[in-house]
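# Chains, contacts and geometry: an overview
Residues per chain are reported as follows:
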Amino acid sequence: MGLDLLIKNGTVVDGSGMPRYRADVGISGGRIVEIGRIRAPAGRTIDADGLIVAPGFIDGHTHMDAQIAWDALGSCSCWHGVTSVVMGNCGFGLAPCKADDREWFARCLTAVEDIPTEAMMAGIDWSWETFPEYLAAVERLPKAINYGMYIGHSALRMYVMGRRGLEERANEDDLRRMAQAVEGAVRAGAMGFSSSRATTHITPDGSPVASRIADWEEIDRLVGAMAALDAGIFQVGPDISGGEAQRVFLDRLRRVALDSGRPIMFGVLSTRQGVDPNAWDYQTRYLDETAAAGGRMFGQATTRSINAVFSLKSYLPFDGLPGWQALRGLPLAEQKARLSDPEVRRRLVAEETQMKPRDSVLQGGGAATTDPRQPDYNNLYPMLGVDWDDPSVAALAKQSGKHPVETIIDLCLEDDNRVFVQPIVNESPADVLGILKHPRTLATFSDSGAHVCQEMGSSLQTHLLSYWVRNKQQFTLEEAVRMLTFDNASAWELPDRGLLRTGYAADLVVFDEERIKPRLPTIEQDLPGGARRLVQKADGIAATIVNGAVAIENGHATGNFSGQVLKGRLAAS
């Protein structure tokens, strides 16, 4: 009997970290059935001569909970070799949710994750209330990639407590109902339970999100519901405000890990913002100390800075100023015409002095655009390339003898798709490298699906392979592929993914190691209702294969939607 798909003449990097080797890969029934020199006939053959054949990349930190309703491709992740994602991170999600609260939930996601409310209300067929109903709805949707999901604390708290969830400590009845919901979600297939203690996570009115109102005893109770099942991961958005508050957070999180026995995940970040920030290696020491004491704890890492992103087509740092507000309400062509007028430019440049001065307040989440300070032009970069080596606005302004605002205007007029990045955290490549090299961190913190006009992390995988492997030679290709595949599959307890092995799910990516690279992002109006988002594709990927079907070929969707819902160990067994 013939194969469904045969990948011939490729160089296999199998995800284990062991050296590459030449082999064919045979696929049938959505599984890898043979590796070696294969002579069996196949319904389709891909010639991978000169290309790498690797397991599909796994991204464990995304916010694609709403996007999946209207985007069967799973963009932008699908364009970067990703075949599986986990969504519902940081306590945010769309389930459980009562019908009357749908718009409120959408507005909360807008405030925290910059997913436009109008896109969610127009694009979601909101047919569920409970988490198991949401999971079943996702199962029914066409999907080009695989999705796992958490039940989120803020959503759960609002569902059980209503608006009290934004103000009050949970009573015993609240705790009982929330614990039952977590148990039901994990039994149905949730990867676990997520929450947030991040001070940058706020509601539309500027108050803390519901999970931040909860005390640690509530978290103990809900993680304890998973512990009673011996299943589920606890993911939490960390307090990164620095100083004593962050140290208290890490101490208390270690107690959760040791008391519950469940795997714990949080983002390990470096920042120069805030007052008395703790160094990243202070955070990774907690990972090591927790493991030494018998707990399981992972740090989630990015591969570059996390940025606020500005552009003429989305936001600019000056949009809150009266003169800029009047300009920015005009059609793009008229904006460009006025920005070319010397007198208009003079007034706009002068108005910048009215902005709030820079301070030590951490600018994260939506704060970088909703409560802007005067930009630090030494920490604002036009994205001229994708290699993390662009000159700052301050440097370009000094070189040209112009005011930084005028420099920004010139760059916008040169290319109205030009984006500017303001690093918020992970400003130093050396710090990022230190985090990535730590043995208990995971290269997985893309935030894909969130901050759709403010940030672009979906290229994490291709950036790792082009910047840190090819350009900087800090990792071998084998090491980097393991980081993106087996390490993540192991952490999320996905037993048949993350390695190129017979019997495993046929999630594969075929790419040119000399060409793989993210493209420059563009601003598109392709969300429901015409809302904007940043879009970033990649070069050098010949094929992305999901459960045995070619989903993306040479950067183009094939129309194959063979993605599945990835369920936690309890439901999958």
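None of the values given here were measured: they were computed from a predicted structure. (Residues numbered from 1 in each chain as written. Predicted model: local features only at pLDDT ≥ 70, side-chain atom pairs only at ≥ 80, totals over all residues. Heavy atoms only, no water.)

### Details of the environment of Arg532
What counts, and what does not: Numbered from the N terminus, helices here are DSSP runs of H or I no shorter than four residues, and strands are runs of E no shorter than two. Burial classes follow relative accessibility: with a 1.4 Å probe on protein chains only, a residue under 20% of its type's maximum area counts as buried, one over 50% as exposed, and anything between as partly exposed. Here a polar contact is taken to be a pair of N or O atoms separated by no more than 3.5 Å, where protein atoms must pair a possible hydrogen donor with a possible acceptor and residues adjacent in sequence count only if both atoms sit in side chains.
By the secondary structure assignment, Arg532 is in the loop between strand S19 (522-524) and strand S20 (533-535). By relative accessible area, Arg532 is classed as partly exposed at 31%. Placed 47 residues apart in sequence, Arg532 and Thr485 show a C-alpha to C-alpha distance of 31 Å. Of note is the side chain of Arg532, whose polar atom sits 2.6 Å from the backbone oxygen of Lys313.

### Topic: the sheet that holds strand S13 (residues 306-311)
Let me state the cut-off plainly: Only strands that DSSP links by at least two bridges are regarded as paired with each other.
Within the open sheet, the three strands sit side by side as S13-S15-S14. Their pairing is antiparallel. Edge positions in the open sheet fall to S13 and strand S14 (381-382), since each of these has one partner strand only. Sheet topology note: the S14/strand S15 (residues 419-425) ladder contains two bridges and is antiparallel. What sits directly across from Pro382, in S15, is Phe420.

### Here we look at empty space enclosed by the protein
So the rule is basically this: Only protein atoms enter the 1 Å grid used here, on which a cavity is any set of points holding a 1.4 Å probe that cannot leave and a pocket is any open set flanked by protein within 12 Å on both sides along at least five of seven lines; residues with an atom within 4 Å of a point are listed as lining. Grid points are joined across faces, edges and corners, and a volume is the space filled by probe spheres set on the points.
Enumeration according to the criterion identifies nine cavities of 30 Å³ or more in this entry. By volume, the second largest cavity amounts to about 130 Å³. In this structure, the second largest cavity is lined by 14 residues; those nearest its centre are Phe92, Cys108, Ser154, Ala155 and Met158. At the level of elements, helix H1 (102-113) and helix H4 (153-161) are the ones that each hand at least two residues to the lining of the second largest cavity.

### A short note on the environment of Leu460
So the rule is basically this: In what follows, residue pairs with any heavy atoms lying within 4.5 Å of each other are defined as contacts.
Along the chain, Leu460 falls in helix H17 (residues 460-471). Residue classification places Leu460 among the buried residues on the basis of a relative accessible area of 3%. Along the primary structure Leu460 and Arg157 are separated by 303 residues, whereas in three dimensions their C-alpha atoms are 32 Å apart. Residue contacts for Leu460: discarding those within four places in its chain leaves Ala301, Thr302, Thr303, Ala443, Thr444, Phe445, Ser446 and Leu484.

### Some words on the nonpolar core
The test is simple: Side-chain atoms within 4.5 Å link the members of a nonpolar core, which is a set of buried Ala, Val, Leu, Ile, Met, Phe, Trp, Tyr and Cys residues.
If you look at the biggest cluster of nonpolar residues, it comprises 116 residues, and the most contacted ones within it are Val182, Phe234, Leu253, Leu436, Leu465, Phe475 and Phe511. Those residues within four positions of Phe511 in sequence are excluded, and the remaining contacts are Leu51, Ile52, Ala54, Phe57, Leu465, Leu477, Val481, Ile516, Gly540, Ile541 and Ala542. One finds Leu312, Leu316, Val393 and Leu411 within the second-largest nonpolar core, a separate group that totals 30 residues.

### Thoughts on the confidence of the model for the chain
The following threshold applies: The predictor attaches a confidence to each residue, and that confidence, scored 0 to 100, is pLDDT.
Put simply, the chain has an average pLDDT of 92, and 95% of its residues get 70 or more. Between the elements of the chain, mean pLDDT differs from a low of 46, seen in helix H13 (residues 367-370), to a high of 99, seen in strand S5 (residues 52-55). Contacts for the low-pLDDT stretch residues 362-369, under 50 throughout, to residues beyond four places or in other chains number 25 contacts.

### Topic: the pairing of strand S10 (residues 233-237)
Each regular strand carries side chains that alternate between the two faces of the sheet. Where we set the bar: For the handedness criterion, the strands are oriented away from the viewer, and a crossover whose path from the first strand over the helix to the second runs clockwise is classed as right-handed.
Judged by how many residues are buried, S10 sits mostly within the fold: five of five residues are covered. Residues Ile233, Gln235 and Gly237 of S10 are buried on one face, and the alternating residues Phe234 and Val236, pointing to the opposite face, are buried as well. Relative to S10, strand S9 (residues 192-196) runs parallel, the two sharing five bridges. Paired with Ser195 across the bridge in S10 is Val236. In this view, the connection linking S10 to its parallel neighbour strand S11 (residues 264-267) by way of helix H8 (residues 243-260) has right-handed handedness.

### A closer look at the sheet that holds S10
The test is simple: Axis definition: a line fit to C-alpha positions, over the contact stretch in the case of helices; interaxial angles, taken between N-to-C directions, run 0 to 180 degrees.
The sheet built from eight strands is open, its strands ordered S6-S7-S8-S9-S10-S11-S12-S16 with parallel pairing. Lying at the two open borders of the sheet, with one neighbouring strand each, are strand S6 (57-59) and strand S16 (441-443). In this sheet, adjacent strand axes meet at a mean angle of 25 degrees when their direction is disregarded. Alignment of strand S7 (residues 82-87) against strand S8 (residues 146-152), held across four bridges, turns out to be parallel. Of the residues in S8, the one forming a bridge with Val85 is Tyr147.

### Focus on the side chain of Thr302
Relative to the assigned elements, Thr302 resides in the loop between strand S12 (297-301) and S13. In this structure the side chain of Thr302 is engaged in a polar contact, spanning 2.7 Å, whose partner is the backbone oxygen of Arg304. There is a polar contact of 2.6 Å between the side chain of Thr302 and the side chain of Asn426. Sequence-distant contacts of Thr302, that is, excluding residues within four places in its chain, are made with Asn426, Val432, Leu436, Phe445 and Leu460.

### Overview of unusual backbone geometry
The peptide bond linking Ser75 to Cys76 adopts the cis configuration, its omega dihedral lying at 10 degrees. Along the polypeptide, Cys76 turns up in the loop between S6 and S7. For the bond from Ala95 to Pro96, the omega torsion is 0 degrees, close enough to zero to count as cis. On the secondary structure map, Pro96 appears in the loop between S7 and H1. Positive phi is not limited to glycine here, since Asp230 has a value of about 55 degrees. With respect to the element layout, Asp230 can be found in the loop between helix H7 (216-229) and S10. Asp230 sits in the partly exposed class, given a relative accessible area of 46%. Despite not being glycine, Glu493 shows a phi value in the positive range, around 55 degrees. With respect to the helices and strands, Glu493 occurs in the loop between helix H19 (486-491) and strand S17 (508-511).

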